[in-house]
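# A closer look at the structure
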Amino acid sequence: MDSNNNSRKMFSEIVKQLRQLIHDEKIPIGGKLPSERELAERLQVGRSSVREALRSLELLGLIETRRGEGTFLSDYRKHQLVELLSTFILPESKSKEDVHTTRASLEKDAIRQVCHSDKLHKLLIWDAFIEKLLKEEVLREDIIREILIISNNRLGLKIWFLLKQYGGEPYRSYMTLEEKGIWTLLLECIKLGDEQKGISLFEDWLLLLNRGDV
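Residues numbered from 1 in each chain as written. Predicted model: local features only at pLDDT ≥ 70, side-chain atom pairs only at ≥ 80, totals over all residues. Heavy atoms only, no water.

## Considering unusual backbone geometry
Our working rule: Counting from the N terminus, the helices are the DSSP runs of H or I reaching at least four residues and the strands are the DSSP runs of E reaching at least two. Relative accessibility thresholds used throughout: buried, under 20% of the residue-type maximum; exposed, over 50%; partly exposed, between the two (1.4 Å probe, protein chains only).
Here the phi dihedral of K26 falls at roughly 55°; this positive angle occurs in a residue that is not glycine. Inspection of the secondary structure assignment puts K26 in the loop between α1 (2-24) and α2 (36-43). Phi is positive for N152, which is not a glycine, with a value near 65°. Along the chain, N152 falls in the loop between α8 (140-151) and α9 (154-167). Since its relative accessible area comes to 57%, N152 is described here as exposed.

## Examining the packing of aromatic side chains
Cut-off, in case you're wondering: When the centres of two rings from Phe, Tyr and Trp lie within 6.5 Å, Trp using its six-membered ring, the rings pair. Their planes under 30 degrees apart give stacked, over 60 give edge-to-face, and anything left gives tilted. Lysine NZ or arginine CZ positioned within 6 Å of the ring centre and within 35 degrees of the ring normal marks a charge as sitting over the ring.
Taken as a whole and judged by the stated rule, the model has four aromatic pairs. Ring geometry for W160 and F161: centres 5.4 Å apart, planes at 65°, overall edge-to-face. F161 shares its class with W160; the two are buried. Through pairs of rings, three or more aromatic residues link up here, namely W183, F202 and W205. Taking the ring centre of F72 as reference, the NZ or CZ of R66 above it sits at 3.9 Å.

## Some thoughts on the confidence of the model for the protein chain
Spelled out, the test is: Confidence per residue, as judged by the predictor, is encoded in pLDDT with a range of 0 to 100.
On average, the protein chain scores 84 in pLDDT, and the residues at 70 or more come to 82%. Element-level pLDDT for the protein chain is lowest in helix α4 (residues 81-89), with a mean of 54, against a maximum mean of 96 in helix α10 (residues 177-192).

## Examining the environment of C189
Relative to the elements of secondary structure, C189 occurs in helix α10. C-alpha of C189 to C-alpha of I199: the two residues are 10 residues apart in sequence and 9.1 Å apart in space.

## Topic: the nonpolar core
Short version of the rule: By nonpolar core is meant a set of buried Ala, Val, Leu, Ile, Met, Phe, Trp, Tyr and Cys residues that side-chain atoms within 4.5 Å join together. Contacts: residue pairs with any heavy atoms within 4.5 Å of one another.
I143, I147, W183, L187, I190 and W205 are the most contacted members of the largest nonpolar core, which has 37 residues in total. Apart from residues no more than four positions distant in its own chain, W183 is found in contact with L133, I143, I144, I147, M175, F202 and W205.

## Observations regarding the side chain of E179
Where we set the bar: Two N or O atoms form a polar contact when they lie within 3.5 Å of each other; inside protein one atom must be a possible hydrogen donor and the other a possible acceptor, and for residues adjacent in sequence the pair counts only when both atoms belong to side chains.
Along the chain, E179 falls in helix α10. Looking at E179, its side chain comes within polar contact range of the side chain of R140, at 2.8 Å.

## Looking at α10
Residue pairs three or four apart in sequence face the same way in an α-helix, which turns once every 3.6 residues. Heads up, the condition is: In a helix, the anticipated span is given by 1.5 Å times the number of residues less one.
In a regular helix each residue adds 1.5 Å, so 16 residues correspond to 22 Å; α10 covers 23 Å between its end C-alpha atoms and thus fits that length. Those residues of α10 that fall on the buried side of the exposure criterion are E179, K180, I182, W183, T184, L186, L187, C189 and I190. Taken from the residues just after α10, G193 is the one with a positive phi, measuring 75°.

## Thoughts on the packing of helix α7 (residues 125-135) against α10
Where we set the bar: Axis lines are fitted through C-alpha atoms, for helices just across the contact stretch, and the angle between N-to-C directions can take any value from 0 to 180 degrees. Note on angle classes: values under 35 degrees are labelled roughly parallel, values over 145 roughly antiparallel, values of 65 to 115 roughly perpendicular, and the remainder oblique. Handedness of a crossing is defined here by the sense of rotation of the near helix relative to the far one, left-handed for an anticlockwise turn of less than a right angle and right-handed for a clockwise turn.
At a minimum axis distance of 10 Å, the contact between α7 and α10 shows a crossing angle of 165°. One element, α7, and the other, α10, form an angle in the roughly antiparallel class. α10 is crossed by α7, and the crossing has left-handed handedness. Taken together, the residues of α10 that come into contact with α7 (itself represented by W126, D127, F129, I130 and L133) are K180, W183, T184, L187, E188, I190 and K191.

## Re the side chain of K180
Just so we agree on the cut-off: Within this scheme the basic residues Lys and Arg register as positive and the acidic residues Asp and Glu register as negative, but His and the chain ends are omitted. Any Lys or Arg side-chain nitrogen found within 4 Å of a carboxyl oxygen on Asp or Glu counts as a salt bridge.
Relative to the assigned elements, K180 resides in helix α10. We note that K180 is buried and unpaired, the nearest opposite charge coming from E137 at a distance of 4.7 Å.

## As for the packing of α8 against α10
It is at 12 Å that the axes of α8 and α10 come closest, and there the two elements cross at 15°. Compared by their axis directions, α8 and α10 come out roughly parallel. In the packing of α8 onto α10, the handedness of the crossing is left-handed. Taken together, the residues of α10 that come into contact with α8 (itself represented by R140, I143, I144 and I147) are E179, W183, L187 and I190.

Okay, structure coming up:
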């Protein structure tokens, strides 16, 4: 038992230090990580422990090993945690409902944060999105993602990407004319900093999606 606990602690510590190294050295997505030998020396742990930690991260899709080239940082939005959740942890419909509820909560919070900030709700991008809604096809997730990015909640954005991947449709579809009408009004509310009306319109849009009329 103690051996297992020590192994888990070692794994957690290596992952923590590796995360700090990536942050300190500003290694971008697609960037190359130090070799196993170098990591072992820098983290002051055995190469076998480093190898085990890297293998686990690779299984999750957080890093990618290319034969003859090295190990590279992957895009966290594409890793396999979503598949693990859907297969082993969230197989029931109630769990899926919880995922959608949590995702909607993150989206509402982002709208609130933007409305509360004079700097953010006065950005010109909202006019650009309104014009796009009037003239072009618009994917549902595009505007929502932009609101989350602008709200500057990085952790919320990462969690949202995972929840969106798990939920899949209907966010990958294009907005209907009825949806565009709701979102045009919603974006006008964001421009005015009108949180209450903006959230109400967002909830109307969610009800529209849940009814399956779009």
